[in-house]
Amino acid sequence: MHNVGLAGLTFWSPNINIFRDPRWGRGQETPGEDPLLTSKYAVGYVTGLQDAGSGAGDSLKVAACCKHYTAYDVDNWKGVERYTFNAVVSQQDLDDTFQPPFKSCVVDGNVASVMCSYNQVNGTPTCADKDLLSGVIRGDWKLNGYISSDCDSVDVLYNNQHYTKTPEDAAAISIKAGLDLNCGNFLAQHTVAAVQAGKLSESDVDRAITNNFITLMRLGFFDGDPRELPFGSLGPSDVCTSSNQELAREAARQGIVLLKNNGALPLSTKSIKSMAVIGPNANASFTMIGNYEGTPCKYTTPLQGLGANVATVYQPGCTNVGCSGNSLQLDAATKAAASADVTVLIVGADQSIERESLDRTSLLLPGQQPQLVSAVANASSGPCILVIMSGGPFDISFAKSSDKIAAILWVGYPGEAGGAAIADVLFGYHNPSGRLPVSWYPESFTKIPMTDMRMRPDPSTGYPGRTYRFYTGDTVYAFGDGLSYTNYAHRLVSAPTQVAVQLAEGHACLTEQCLSVEAEGGHCENLAFDVHLRVRNAGKVGGAHTVFLFSSPPAVHNAPAKHLLGFEKVSLEPGQAGVVAFKVDVCRDLSVVDELGNRKVALGSHTLHVGDLKHTLNLRV
């Protein structure tokens, strides 16, 4: 795209904010609610974009950017807008939940850029917070790159938040805080006046410019004829190759999550003479590529994907996902379902329901979609399969408990090949292995203000906490849920039951009872152990299986109920077994963040979980 003049070489992606609240319109851009998962995603994403190959040194293929720093996940909820929202966050929640992905992005991913967000954190705009920018990103984490504002963030902190008295003050405070690049024209308009007024030094401006130019140098902008450089020969013919299109289909297949199956799936093409394909997303194309979309090579809609396998009858049921009363077309939909051997209902959301600048206020399917689903399911003469296409979760309790709905899948926004991937899973050409990256909450969760940033529950007020790590309420589906067409058995091969922390002579915890010790220092060196698990495919279908290793720490420092230590994917044929190994670094993996934001290793009994398997390990000094 760059070589033909359609793009630059700096991409302001990935979005690695934690999907903290199910109503968030931009949750669709993120990898989910877990800090470890998000951290690993960030590093993989950034490395994939930036890696210029062996021997390239500090050169960049393209420059990635981790955004939006930090505690950013309210866009526009009941009139509360991101431009003026002040996220009140405890130091514990900041360091435990919101910061880890950004730290991994900089420290492990060596990202070229971090973008500060619109919101304030504890009363200070992030793009004007010297502690967060110069102190943490550049100081503690040693960013090798530049810090950018979100678009017009500096303008926003002046004009919307009224954080400074003059525009020159806004320019000065942002650059002095560590901002290097402004998306927009605010700094171009006001920085010279800030220098002339003595509010900003030329050396501050030089530092910012230097960070930007070093990134341009790493991208090869000053290395001569770009056609002679390593990626100079790439062009449009390299985009829509058959292998790239197959990759889009495989990515979509792997992302599909099977949430319910009473035995109806996989479907058999031999026994199906006709299929009713119903729903406002049944013939979706543009909807499938979500937001911040590229230009697809071609679309395969769900209707096209299914129709390539069996004869189909299509009825939208609703003319759009809003599914208001006058757009509901029940009669035609129920007739189609009544006369078909099998019905596939494809419902959910699109960018009119959830997007940047639009958070949801309900977790129910939009408009009269629930009535459509129930009516079609009741009318179906054969199995009824429900497919949810959306970025965020829904309360579909009615469908989960319905005997009339044989199976439920969540497909996210599955991309250009989404329809082909849905058909691959429904007809059993691909055994589903996707898992939910977010908790699916009941509609009752919406009584909690989206603006309450606390992660941890407060039993005294009935506040249930957020995400699987802290939430104490009921879920419709849980983080990590996802079924397969086969069954997998886990057996623990080896893991220690006791681990001793060797403290330095004179350490206070050798003579007094401590609940935890610091997660840094000499006692952390080489303090690790292995967990080996045997995983067997106990069914009749080959498939891939993700093994999650969770830990429940002792109940100190308001620790999570459980948290993810690692995950590995293994592919097994029927009857085949394999060993999955996890290396657990005690100070990194078993530590929790205390009330002051310090990482501590909790002493006492830790429970390791894999599925239904549990193993207790005692950590002592």
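The following paragraphs examine the structure supplied in this document. On a predicted model such as this, the values are computed, not experimentally measured, just so you know.

Scoring rules and cut-offs
- Residues numbered from 1 in each chain as written.
- Predicted model: local features only at pLDDT ≥ 70, side-chain atom pairs only at ≥ 80, totals over all residues.
- Heavy atoms only, no water.
- Helix = DSSP H or I, 4+ residues; strand = E, 2+ residues; numbered from the N terminus.
- Buried < 20%, exposed > 50% of the residue type's maximum accessible area, 1.4 Å probe, protein only.
- Contact = heavy atoms within 4.5 Å.
- Areas by Shrake-Rupley, 256 points an atom, 1.4 Å probe, with all protein chains shown as cover.
- Lys, Arg positive; Asp, Glu negative; His and termini not counted.
- Charge placed at Lys NZ, Arg CZ, Asp CG, Glu CD.
- Pairing = 2+ DSSP bridges.
- Axes fitted to C-alpha atoms, helices over the stretch in contact; angles between N-to-C directions.
- Salt bridge = Lys/Arg side-chain N within 4 Å of Asp/Glu carboxyl O.

## Details of the overall build of the protein chain
Along the protein chain, the regular secondary structure elements total 16 helices and 25 strands. Its C-alpha atoms give the protein chain principal-axis dimensions of about 80 × 60 × 55 Å. The proportion of buried residues among the 621 residues of the protein chain is 54%. Taking as baseline every contact in the protein chain between residues at least 6 positions apart, the subset at least 24 positions apart corresponds to 76%. Surface summary for the protein chain: the accessible area is close to 25700 Å², and the carbon and sulfur share equals 51%. Each charge class in the protein chain can be summarised by its mean position, and for the 47 positive and 60 negative side chains these summaries are 7 Å apart.

## With respect to the environment of I256
Turning to its location among the elements, I256 is positioned in the loop between α9 (242-255) and β9 (257-261). In this structure, the C-alpha to C-alpha distance between I256 and A177, residues 79 residues apart in sequence, is 43 Å. Dropping the residues within four chain positions of it, I256 is found in contact with L409, W410, V411, A421, I422, V425, P432, S433 and G434.

## Focus on the pairing of strand β21 (residues 577-585)
Side chains G578, V580, F582 and V584 project from β21 onto a buried face, and the interleaved A577, V579, A581, K583 and D585 project onto a face without burial. Looking at chain direction, strand β18 (residues 528-537) and β21 are connected through nine bridges and run antiparallel. Across the sheet, residue F529 finds its bridge partner in β21, namely V584.

## Some thoughts on the sheet that holds strand β5 (residues 113-116)
Strand order in the open sheet formed by three strands is β1-β5-β8, with parallel pairing between adjacent strands. For this open sheet the edge positions go to β1 (66-69) and β8 (146-149), each flanked by a neighbour on one side alone. Within this sheet the neighbouring strands show an average axis-to-axis angle of 30°, counted without direction. Bridge count between β1 and β5: two bridges; the pairing is parallel. Each bridged residue has a counterpart across the sheet, and for Y69 the counterpart in β5 is C116.

## Quick notes on the environment of R620
With respect to the element layout, R620 can be found in strand β25 (residues 613-620). We classify R620 as partly exposed; its relative accessible area is 39%. In this view, R620 contacts Q498, V499, A500, V501 and L603; residues no more than four positions away in its chain are not counted.

## Side note on the pattern of salt bridges
Taken as a whole and assessed by the stated rule, the structure comprises 24 salt bridges. Note that D58 and R218 form a salt bridge whose closest N and O atoms lie 3.2 Å from each other. One end of the pair, D58, is in the loop between α1 (35-50) and β1; the other, R218, is in helix α8 (residues 202-218), with 160 residues separating them in the sequence. Accessibility expressed as a relative area gives 8% for R218, which makes it buried. D93 is paired through a salt bridge with R456; the nearest N and O atoms lie 2.5 Å apart. With D93 in helix α2 (residues 91-98) and R456 in the loop between α14 (418-426) and α15 (467-470), this pair connects stretches of sequence that are 363 residues apart. Both residues of the pair, D93 and R456, belong to the buried class.

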